[in-house]
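# A look at the structure
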4 protein chains.
Amino acid sequence: MSKLRVAVLGAKGRIGSEAVRAVEAADDMELVAALGRGDRLETLADTGAQVVVELTTPASVMDNLDFCVRHGIHAVVGTTGWTDERLARLDTWLSASPGTGVLIAPNFSIGAVLTMAFAQTAARYFESVEVIELHHPNKVDAPSGTAARTAQLIAAARAEAGRAPQPDATTTALDGARGADVDGIPVHSVRLRGLLAHQEVLLGGEGETLTIRHDSLHHSSFMPGILLGTRRVVTTPGLTFGLEHFLDLN
Amino acid sequence: MSKLRVAVLGAKGRIGSEAVRAVEAADDMELVAALGRGDRLETLADTGAQVVVELTTPASVMDNLDFCVRHGIHAVVGTTGWTDERLARLDTWLSASPGTGVLIAPNFSIGAVLTMAFAQTAARYFESVEVIELHHPNKVDAPSGTAARTAQLIAAARAEAGRAPQPDATTTALDGARGADVDGIPVHSVRLRGLLAHQEVLLGGEGETLTIRHDSLHHSSFMPGILLGTRRVVTTPGLTFGLEHFLDLN
Amino acid sequence: MSKLRVAVLGAKGRIGSEAVRAVEAADDMELVAALGRGDRLETLADTGAQVVVELTTPASVMDNLDFCVRHGIHAVVGTTGWTDERLARLDTWLSASPGTGVLIAPNFSIGAVLTMAFAQTAARYFESVEVIELHHPNKVDAPSGTAARTAQLIAAARAEAGRAPQPDATTTALDGARGADVDGIPVHSVRLRGLLAHQEVLLGGEGETLTIRHDSLHHSSFMPGILLGTRRVVTTPGLTFGLEHFLDLN
Amino acid sequence: MSKLRVAVLGAKGRIGSEAVRAVEAADDMELVAALGRGDRLETLADTGAQVVVELTTPASVMDNLDFCVRHGIHAVVGTTGWTDERLARLDTWLSASPGTGVLIAPNFSIGAVLTMAFAQTAARYFESVEVIELHHPNKVDAPSGTAARTAQLIAAARAEAGRAPQPDATTTALDGARGADVDGIPVHSVRLRGLLAHQEVLLGGEGETLTIRHDSLHHSSFMPGILLGTRRVVTTPGLTFGLEHFLDLN
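Residues numbered from 1 in each chain as written. Chains lettered and ligands numbered in written order. Predicted model: local features only at pLDDT ≥ 70, side-chain atom pairs only at ≥ 80, totals over all residues. Heavy atoms only, no water.

## Observations concerning the nonpolar core
Side chains of a nonpolar character, in soluble globular proteins, are inclined to be buried together. Operational definition: Here, the term nonpolar core denotes a set of buried Ala, Val, Leu, Ile, Met, Phe, Trp, Tyr and Cys residues that are joined through side-chain atoms within 4.5 Å. Using a 1.4 Å probe on the protein chains alone, a residue whose accessible area is under 20% of its type maximum counts as buried, one over 50% counts as exposed, and one in between counts as partly exposed. Pairs of residues are marked as contacts when any of their non-hydrogen atoms sit within 4.5 Å.
Counting 102 residues, the largest nonpolar core has Leu-114 of chain A together with Leu-114 of chain B as its most contacted members. Setting aside anything within four residues of it in sequence, one finds Leu-114 of chain B in contact with Thr-121, Ala-122, Tyr-125, Phe-126 and Leu-210 of chain A together with Leu-247 and Leu-249 of chain B. In terms of nonpolar packing, the next biggest core, distinct from the first, is built from 101 residues, Ala-26 and Val-233 of chain C together with Ile-154 and Val-201 of chain D among them.

What follows is the structure, encoded as structure tokens:
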């Protein structure tokens, strides 16, 4: 079987340089280009890249994707900063290149994506749900974006299932004890030296609890998701937003 | 809306008496009969039961289901001891009563069922998987049936996804340190005073781990699953084996 | 060896009736009386009780202890409502009966007492500490008294060790995300159906974390502490406040 | 206050180079020498080092300590390979230099040392104890040395407290399910991609459990223990074996 020809854009960044190594280590892939700032995009066409892993910045991602789509090169995109306007523009480009696929993923950690998916599924079946996220103490926001997003998805799943509000008899509480309220779901943020990025979804019903916990110990955790996206984007034309659409969830 | 007319068979047993209370407490159900050993099955027809919750013994379950199916009464069955022969016989009965549904569930705990389902899904995406089950010290078998079954489902999911055997560089080990081997998945059994029934599935990949934990604190945890089965069996003709088929898993 | 002669006061209450069973089941004890409301205290002297387990109410505890101390009967007390005035009064009584011992314990769970002791010890050595307590959703206060007390003890231990405030770079946070502040220690309260009473102390330093978790699954967890107190109070004259003083903590 | 003058031996190794940085970053210490293989030991005396952090190899540690003790320089030693004979020799040297202190520590992680200490204390008070250790899959031995040592300490504490063997009704078990038996304590070893080094001690009694968990995420976790040892060794003449003797454990 011939190998998939992959290029990395943003190859000198922290994630990009790991992606270069991951592609090189994958048996079914060949790294054909590793481009940094200032390198010419034409190299992508010249080297016959089939998929581009795009890990640059919001300032350059649109130009990069314009080039890729025009040349029928699929793309797996980790760069952030997506607005409705940008997505619409990308959609228009893709309509004109119907065989080309683009995956944009806010999170390439398969563990994080599965945690969110499982939490949504389970939320339909339990009376109570709370989220605890735990990070290193240098983090500036609380709760984490992932925890807030997880709580929103849980709240939506509960609403769709017609669930009543959570039981909570608290009448006297210290400020903050019951966490932040995200669409009715309590979210608690722990900041502890020694930790990296961790999240727990606790679900409780009559006589039982279910806990889904994700521990992220290194940003190398993005690599399996990037490789999976690279393999599947070549057979998934059009725009896909979110790695969960490339996972078989049941 | 008229209420669902529900009867409980085995109503004096530990689980049965809880089922009686759970049906009585459900807004959308009416308990029309609660029968124990020696009570006449005709009561089920006389009271117009639409669903029977069958929580008796292997010795009486077949006669009970024979009666139910002949009278077009749906059944939700927690009684164990199912063989291929018994299932085939039940199937034949159901063919003759095409609108009737029977749900047989080895486990009515929604948390346990979701744990198995999520473990199977996630197993496709992680290099390593191990199972730890923890129970009270009066348990006579190790590992638990649920843990063994979970490991088998995980192994099958890995095989289907073409996963290589798990990485394990162990060269010197004390006997038993690496757990029991169930289809290539290590399973560890803890027996501790103060515990009831708990199970953890640990999945690990590059830079991240995902843990799914189920804690069962009381046999009342079966009630939400029994009620859910009761509501859905009336619109699901034929034989369904396993509560997971009544859950929306994605 | 002759058995220790033990009486239970408040023998018909939920905890009291378990204490009766626990004393009966202990090889080295003999239950000589089990008194409820309205029973005559003279029975304690008549039956030669050496230790009284006092599990009544704040309204009756002082009269009961007055009787015990005057008769040289040791006491193990779980009844709450202790004020400085009451403790001073009890101290005076004990001065007049120098061989008699009284143990008052706000918490007879050995696990809870050890959790607090270990948290205090470890707090000296870690940069970060947070407390998570998790309870059933019928609980009216947040955080739990035990969690608040644990946080106070941790804060005192940090102050004594000259520890700087905890690192926390949070600049933007949703209200409540970072928990309640108890003397500088964040405390998070989870309320979840299916849980009983659980507490986690998380400590973090450079490259490592230490977690101490206590799960209380049944009020029978008080029995080992009550029996331990009963055995040791007979050789510990005077007033002891807190079961931790009867544990060998290193 | 004048700063403590500290030298590092083995300064180019993985742990040694971290120790150099940790000493430099400590407000109350001054790094006066950082020596690697081939460097002259006389530098230690010339620079007026008060404490040497010894992180070399079993082949050179004895010569290094001989030099230190003869020059009245205290030492904090992480190098392994200690035999009774070597310890006796070191003891003899120290007798001739009565003001000098040497701390040898098999483990400088404060979290690991506290886990062992707490497990020993708690083991006296619970019916059941088991140990689970979890490591990356490249580890060659199972269980880990730390877990085996922890189990031995627990077993000794139980024996001293006169505890009966653990309750365990298991009659049918798959090989290995109940873990390795270390002096009667079950020890379970998990090997999972994404993990580093983790250990859990589970203790259970009537109605409650206590869990002590240590997560080691980076070898920088040794630094606080090395600094603590460095500060205390100067006032602790003679030989100390084990960092636990420098911790205030109650």
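## Comments concerning the sheet that holds strand β5 (residues 101-104) of chain D
Residues and elements named next belong to chain D. The line we're drawing: Strand pairing is defined by DSSP finding a minimum of two bridges between the two strands. By definition, any uninterrupted DSSP run of H or I lasting at least four residues is a helix, any uninterrupted run of E lasting at least two residues is a strand, and each is numbered from the N terminus. Fitted lines through C-alpha atoms serve as axes, helices being fitted only where they are in contact, and the angles separating the N-to-C directions of these axes extend from 0 to 180 degrees.
Within the open sheet, the six strands sit side by side as β2-β1-β3-β4-β5-β13. Their pairing is parallel. One side of each edge strand has no neighbouring strand; the edge strands of this open sheet are β2 (29-35) and β13 (238-241). The mean angle between the axes of side-by-side strands here comes to 20°, regardless of whether they run parallel or antiparallel. Alignment of strand β3 (residues 51-54) against strand β4 (residues 74-77), held across four bridges, turns out to be parallel. Paired with Glu-54 across the strands is Val-77, a residue of β4. Sheet strands touched by helix α1 (residues 14-25): β1 (4-9) and β2. Its angle to β2, the strand with the most contacts, is close to 155°. Here helix α7 (residues 223-233) sits on the sheet and contacts β1, β2, β3, β4 and β5; the angle it forms with β4, its principal contact strand, is near 155°.

## A closer look at the relation of the copies chain A and chain C
Each of the two chain copies can be generated from the other by rotation about an axis followed by a shift along it. The following threshold applies: All copies are superposed by least squares; the fitting set is the C-alpha atoms of residues with a pLDDT of at least 70 in both.
Each copy of the sequence occupies a distinct position, and chain A is placed on chain C by a rotation of 180° and an axial shift of 0.0 Å, giving an RMSD of 0.1 Å. One copy is carried onto the other by what is essentially a two-fold rotation axis. For chain A, the minimum C-alpha distance to the rotation axis belongs to Gly-176 of chain A and amounts to 1.9 Å. When the interface residues of chain A are mapped onto chain C, 100% of them again fall at the interface, so both copies present the same face.

## Focus on empty space enclosed by the protein
This is how it is decided: Every definition here rests on a 1 Å grid over the protein atoms only: cavities are sets of points where a 1.4 Å probe fits but cannot get out, pockets are open sets enclosed by protein on both sides within 12 Å along at least five of seven lines, and lining residues have some atom within 4 Å of a point. Grid points are joined across faces, edges and corners, and a volume is the space filled by probe spheres set on the points. Throughout, the ten residues Ala, Val, Leu, Ile, Met, Phe, Trp, Tyr, Cys and Pro are labelled nonpolar, Asp, Glu, Lys and Arg are labelled charged, and all others, Gly among them, are labelled polar.
Inspection of the entire model under this criterion finds two cavities of 30 Å³ or more. For the largest cavity, the lining is made up of 48 residues, of which Glu-200 of chain A, Glu-200 of chain B, Glu-200 of chain C together with Glu-200 and Arg-213 of chain D are closest to its centre. Looking at the lining of the largest cavity residue by residue, the classes come out as 24 nonpolar, 12 polar and 12 charged.

## Details of helix α6 (residues 145-160) of chain A
Residue and element names in this part refer to chain A. What counts is decided by this rule: In this scheme, a helix's expected span is set at 1.5 Å multiplied by one less than its residue total.
Taking 1.5 Å per residue as the helical rise, α6 with its 16 residues ought to reach 22 Å, and the 23 Å between its terminal C-alpha atoms agrees with that figure. Three or more residues of α6 are buried, namely Ala-147, Ala-148, Thr-150, Ala-151, Leu-153, Ile-154, Ala-155, Ala-157 and Arg-158. Where the residues of α6 are buried, they touch α5 (110-123), β6 (128-135), β9 (180-182), β10 (185-191) and β11 (197-205). Gly-162 lies just past α6 and shows a positive phi near 70°.

## Some thoughts on the pairing of strand β3 (residues 51-54) of chain C
All names here are of chain C. Along β3, one buried face is formed by Val-51 and Val-53 and the opposite face, lined by Val-52 and Glu-54, is buried too. Pairing of strand β1 (residues 4-9) with β3 involves four bridges; the strand directions are parallel. Bridging across to β3, Val-8 finds its partner in Val-53.

## Thoughts on the interface of chain C and chain D
For the record, the criterion: What counts as buried area is the accessible surface, traced by a 1.4 Å probe, that two parts surrender upon association, with contributions from both included. Any Lys or Arg side-chain nitrogen found within 4 Å of a carboxyl oxygen on Asp or Glu counts as a salt bridge. Polar contacts, as used here, are pairs of N or O atoms within 3.5 Å; protein pairs need one atom able to donate a hydrogen and one able to accept it. Residues neighboring in sequence count only if both atoms are side-chain atoms.
The partner chain D presents 34 residues to the 34 residues of chain C that form the contact. Of the roughly 2,800 Å² buried at the junction of chain C and chain D (both faces included), carbon and sulfur atoms supply 56%. Linking chain C to chain D there are zero salt bridges. Seen at the junction of chain C and chain D, the total is 22 residue pairs in polar contact (both at pLDDT 80 or more). In terms of residue count, strand β12 (residues 208-216) of chain C provides more of the side of chain C that touches chain D than any other element does, nine residues in total. When the residues that make up the side of chain C that touches chain D are grouped by side-chain class, the tally is 15 nonpolar, 13 polar and six charged. In the sheet, β12 of chain C pairs with strand β12 (residues 208-216) of chain D via nine bridges, with the strands oriented antiparallel. Note on β12 of chain D: the bridge partner recorded for Ser-216 of chain C is Glu-208 of chain D.

## What about the packing of helix α3 (residues 58-70) of chain C against helix α4 (residues 84-95) of chain C?
In a packed pair of helices, the relevant descriptors are the angle between the two axes and the axis-to-axis distance. Residues and elements named next belong to chain C. Rules: Geometric relationships in this document are graded by angle, where less than 35 degrees denotes roughly parallel, more than 145 denotes roughly antiparallel, 65 to 115 denotes roughly perpendicular, and other angles denote oblique. Should the near helix be turned anticlockwise from the far one by less than a right angle, the crossing is left-handed, and should it be turned clockwise, the crossing is right-handed.
Where α3 meets α4, the axes come as close as 10 Å, and the angle between the chain directions of the two elements is 15°. What the angle tells us is that α3 and α4 run roughly parallel. In this structure, α3 meets α4 at a crossing whose hand is right-handed. Across the interface between the two elements, Pro-58, Val-61, Met-62, Leu-65, Asp-66 and Val-69 of α3 pack against Arg-86, Arg-89, Leu-90, Trp-93 and Leu-94 of α4. Classifying every residue of the contact of α3 with α4 by side-chain character gives eight nonpolar, no polar and three charged.

## Quick look at the sheet that holds strand β11 (residues 197-205) of chain C
Reading across from one edge, β9(C)-β10(C)-β6(C)-β11(C)-β12(C)-β12(D)-β11(D)-β6(D)-β10(D)-β9(D) is the order of the 10 strands in this open sheet, with mixed pairing throughout. Both outer strands of the open sheet, β9 (180-182) of chain C together with β9 (180-182) of chain D, are each paired with one neighbouring strand and no more. Put simply, the sheet's adjacent strands are angled 20° from each other on average, direction ignored. Alignment of β9 of chain C against strand β10 (residues 185-191) of chain C, held across three bridges, turns out to be antiparallel.

## A short note on unusual backbone geometry
Residues and elements named next belong to chain A. With an omega of -5°, the peptide bond between Ala-142 and Pro-143 qualifies as cis. Residue position: Pro-143 is located in the loop between β7 (141-142) and α6. For Asp-183, which is not glycine, the phi torsion reads 55° and is therefore positive. Judged by its relative accessible area of 54%, Asp-183 is exposed.

## Here we look at the side chain of Ser-220 of chain C
Its place among the elements puts Ser-220 of chain C in the loop between β12 and α7 (223-233). A polar contact is formed between the side chain of Ser-220 of chain C and the side chain of Glu-206 of chain D, at a distance of 3.4 Å.

## Description of the interface of chain A and chain C
Every contact between the two is made by 46 residues of chain A and, on the other side, 46 residues of chain C. The contact between chain A and chain C buries some 3,200 Å² in all, and 61% of this surface belongs to carbon and sulfur atoms. Looking only at chain A, the three residues that lose the most surface to chain C are Val-140, Leu-192 and Arg-193 of chain A, adding up to 18% of its buried area. Between chain A and chain C we count two salt bridges in total. Measuring nitrogen to oxygen at the nearest pair gives 2.9 Å for the salt bridge that ties Arg-193 of chain C to Glu-127 of chain A. Taken together, chain A and chain C are joined by 24 residue pairs in polar contact (both at pLDDT 80 or more). Its residues placed into classes, the side of chain A that touches chain C shows 20 nonpolar, 14 polar and 12 charged. The pairing of β7 of chain A with strand β8 (residues 172-173) of chain C spans two bridges and is classified as parallel. In the sheet register, Ala-142 of chain A faces β8 of chain C, and the bridge partner there is Ala-173 of chain C.

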